[in-house]
Amino acid sequence: MRKQWYRLDNAALIFPAVMRKNWNNVFRVSATLKDQVDPETLSRAASDLVKRFPTVFVRLRTGFFWYYLETLNEAPPVEEDYAWPLTPMTRRKLKKCCIRILYYQNRIAVEFFHSVTDGTGGMAFLQNLTARYLALKEGIDIPPGGNIVDPAEAPKAEETRDCFQLCGAEVSVSRREENAYRLRGNPEEDFFRHIVTGIVPTETLLEKAHAEKVTVTAYLSAVMAEAVLARQKEDPEPGRRGHIKITVPVNLRKTFGMNTMRNFTLAVNIGFDPRLGEYSHEEICRLMYHQLAAETIRQKMAGRVTTNVELQRSVPLRLIPLPVKTLAMRLVYALSGESKGCLNISNMGQVSVPDSIGKYIERFDFVIGVQYSYPNNCSVVSWQGKTYISMIRGIRDSELERLFFTRLVEEGIPVEIESNRR
């Protein structure tokens with residue numbers, strides 16, 4: 001197969017520039033099956049998808065002006081899950097492949113360097129990998145539908161495009177906003193990542209959100225903001241207290257009616273300044289909901305896209321050698337990339353697959369990594385009546401997740417807790 005190359009999409013440009021030896025932006029999606037995973041069949045399934053998903057099976061290359069992605073002719077070796085989720089991908093590994101395909105007992109997991117795609121694209125690929133695996137393993141026919149595609153067909157042009165280049169406004173929107181309170185803690189040894197997953201009934205979660213007349217994402221953001229506020233009140237340095245803001249990645253595919261397998265997400269920060277006074281739970285819910293609604297309307301998001309794309313299109317910037325660009329992007333990222341929010345809540349929403357394979361699947365999970373300069377993050381996905389809320393941290397202090405899940409229980413939402421460390 002002839003190799004192709006792809007320019008990094010607008011959201012992907014920053015990730016190679018800001019990665020460090022012990023950190024880069026990686027996320028994981030996984031499907032837990034009802035039977036043990038056969039690694040040989042999984043390897044065959046991955047190989048069958050190489051031609052169908054050319055923007056997924058890629059490696060990171062370094063050009064004179066920009067990084068870019070080059071397609072691979074074969075899938076990476078399937079590996080047994082090791083160590084802990086989301087270990088950093090080194091530059092050496094990224095030069096070979098930007099994804100990992102893992103298995104452990106009855107779980108299939110895929111980890112992505114974020115320059116490849118976002119959570120929505122990653123989940124679509126996992127669904128197809130799982131479908132192909134089950135087709136081979138169980139000998140069943142799985143017709144295309146939803147996110148499931150025919151592995152024998154050619155990739156669609158829309159799947160490989162950089163949609164950021166197609167949906168900007170005539171003017172840009174300022175990035176200026178107040179810095180947020182920063183969570184801190186003692187780092188874990190060897191970069192271990194704690195993952196605590198709270199499993200809650202989706203129906204109960206929806207009922208509580210609807211009772212407040214808000215979305216699930218706004219409701220969870222409000223509860224998380226309350227947990228962060230409680231941590232802030234315990235901070236021994238009063239001078240550090242400031243805005244409580246939750247960063248929410250927004251899937252622009254729904255906003256603009258476009259589809260792609262590449263990144264097409266922008267993040268917005270929603271929250272409040274606790275120095276102005278006390279806020280009730282109901283007030284925080286309303287704040288989160290209305291801010292999220294106001295920030296994510298089509299026109300506002302188009303202006304935010306333009307802000308980012310204008311820099312990418314700037315002729316002087318394009319002519320600057322990559323090492324200089326990298327230093328500039330690192331500086332911008334340090335000043336604004338992670339200073340405006342306390343942590344992320346990335347809500348994948350409801351996952352669905354054809355009935356023909358749904359009966360073989362126990363659950364789906366979605367886990368995003370920690371950021372470089374703040375140690376906590378949260379990701380959410382729902383499947384067959386249960387919502388899986390995964391909180392990840394790179395520090396020893398578990399107080400934030402305790403406060404968050406306790407607050408959900410106080411709200412009348414039962415929570416079953418799982419952890420990757422006993």
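Procedures and definitions
Residues numbered from 1 in each chain as written. Predicted model: local features only at pLDDT ≥ 70, side-chain atom pairs only at ≥ 80, totals over all residues. Heavy atoms only, no water. Axes fitted to C-alpha atoms, helices over the stretch in contact; angles between N-to-C directions. Helix = DSSP H or I, 4+ residues; strand = E, 2+ residues; numbered from the N terminus. Parallel < 35°, antiparallel > 145°, perpendicular 65-115°, else oblique. Left-handed = near helix turned anticlockwise from the far one by under 90°. Contact = heavy atoms within 4.5 Å. Nonpolar A, V, L, I, M, F, W, Y, C, P; charged D, E, K, R; others polar. Pairing = 2+ DSSP bridges. Patch = residues over 30% accessible without salt bridge, like charges linked within 9 Å, V, L, I, M, F, W, Y side chains within 5 Å. Areas by Shrake-Rupley, 256 points an atom, 1.4 Å probe, with all protein chains shown as cover. Salt bridge = Lys/Arg side-chain N within 4 Å of Asp/Glu carboxyl O. Lys, Arg positive; Asp, Glu negative; His and termini not counted. Charge placed at Lys NZ, Arg CZ, Asp CG, Glu CD. Phe/Tyr/Trp six-rings, centres within 6.5 Å; stacked < 30°, edge-to-face > 60°. Buried < 20%, exposed > 50% of the residue type's maximum accessible area, 1.4 Å probe, protein only. Domains from an automatic or database assignment. Buried area = accessible area lost by both parts, 1.4 Å probe. Polar contact = N/O pair within 3.5 Å; in protein donor to acceptor, adjacent residues only side chain to side chain.

**Some points on the packing of helix α2 (residues 39-48) against helix α4 (residues 119-138)**
The geometry of α2 relative to α4 is characterised by a closest axis approach of 8 Å and an angle of 125 degrees between their N-to-C directions. Taken as axis vectors, α2 and α4 run oblique relative to one another. Here α2 and α4 pass one another in a crossing that is right-handed. Facing T41, L42, R44, A45, A46 and D48 of α2, the residues of α4 in contact are L129, R132, Y133, L136 and K137. When the residues that make up the contact of α2 with α4 are grouped by side-chain class, the tally is six nonpolar, one polar and four charged.

**Section: the sheet that holds strand β2 (residues 26-33)**
The sheet built from five strands is open, its strands ordered β5-β6-β7-β2-β12 with mixed pairing. Edge positions in the sheet fall to β5 (79-80) and β12 (361-368), since each of these pairs with one other strand and no more. Sheet analysis places β2 next to strand β7 (residues 107-113), joined by seven bridges and oriented antiparallel. Residue pairing in the sheet places S30 in a bridge with A109 of β7. With respect to the sheet, α2 is in contact with β6 (99-104) and β7, its orientation differing from that of β6 by roughly 155 degrees. Strands in contact with α4 are β2, β6, β7 and β12; relative to β2, the strand with the most contacts, it is inclined by about 30 degrees.

**Some thoughts on a positive patch on the surface**
On the surface, a cluster of positive charge is made up of R91, R92, K95 and K96. Inspection of the secondary structure assignment puts R91 in helix α3 (residues 91-94).

**Regarding the pattern of salt bridges**
Considering all chains together, one arrives at 24 salt bridges under this definition. R132 serves as the salt-bridge partner of D48, at 3.0 Å between the closest nitrogen and oxygen. A residue pair is termed long-range when its members are at least 10 positions apart, and D48 in helix α2 and R132 in helix α4 qualify at 84 residues. Between D273 and R275 there is a salt bridge; the shortest N-O distance is 2.9 Å.

**Overview of the packing of aromatic side chains**
In this structure the tally under the stated criterion is 14 aromatic pairs. Ring centres of W23 and Y372 lie 5.7 Å apart, and the angle between their planes is 55 degrees; on these two criteria the pair is classed as tilted. Linking W23 in the loop between α1 (14-18) and β2 with Y372 in the loop between β12 and β13 (376-383), this pair joins segments that are 349 residues apart in sequence. Exposure remark for W23: the relative accessible area of 4% places this residue in the buried category. When the ring of F27 is compared with that of F112, the centres are 5.2 Å apart and the planes differ by 15 degrees; the resulting orientation is stacked. Of this pair, F27 sits in strand β2 while F112 is found in strand β7, placing the two residues 85 residues apart along the sequence. The burial state of F27 is the same as that of F112; both residues are buried.

**Some words on unusual backbone geometry**
A positive phi angle, near 65 degrees, is found at L86, a position not held by glycine. Judged by relative accessible area, L86 falls into the buried class, the value being 7%. The backbone phi angle of Q105 is positive, close to 55 degrees, even though this residue is not glycine.

**Remarks on the side chain of Q127**
Structurally, Q127 can be placed in helix α4. Given a relative accessible area of 2%, Q127 falls into the buried group. Leaving out residues up to four positions away in the same chain, Q127 has contacts with N147, I148, V351, S352, V353 and F364.

**Describing the domain arrangement of the protein**
Under the domain assignment used here, the protein contains domain 1 (5-148) and domain 2 (194-419). Placing the centre of domain 1 and that of domain 2 at their C-alpha centroids yields a distance of 22 Å. Tallying the contact residues gives 58 residues for domain 1 and 45 residues for domain 2. For the domain 1 and domain 2 pair, buried surface summed over both sides reaches about 4,300 Å², with 62% attributable to carbon and sulfur atoms. Applying the counting criterion to the domain 1 and domain 2 interface returns one salt bridge. The shortest N-O distance in the salt bridge between D118 and R253 comes to 3.0 Å. At the junction of domain 1 and domain 2, the tally comes to 23 residue pairs in polar contact (both at pLDDT 80 or more). Those elements that provide at least two residues to the side of domain 1 that touches domain 2 are β1 (5-7), α1, β2 and α4. For the side of domain 1 that touches domain 2, the per-class residue count stands at 33 nonpolar, 16 polar and nine charged.

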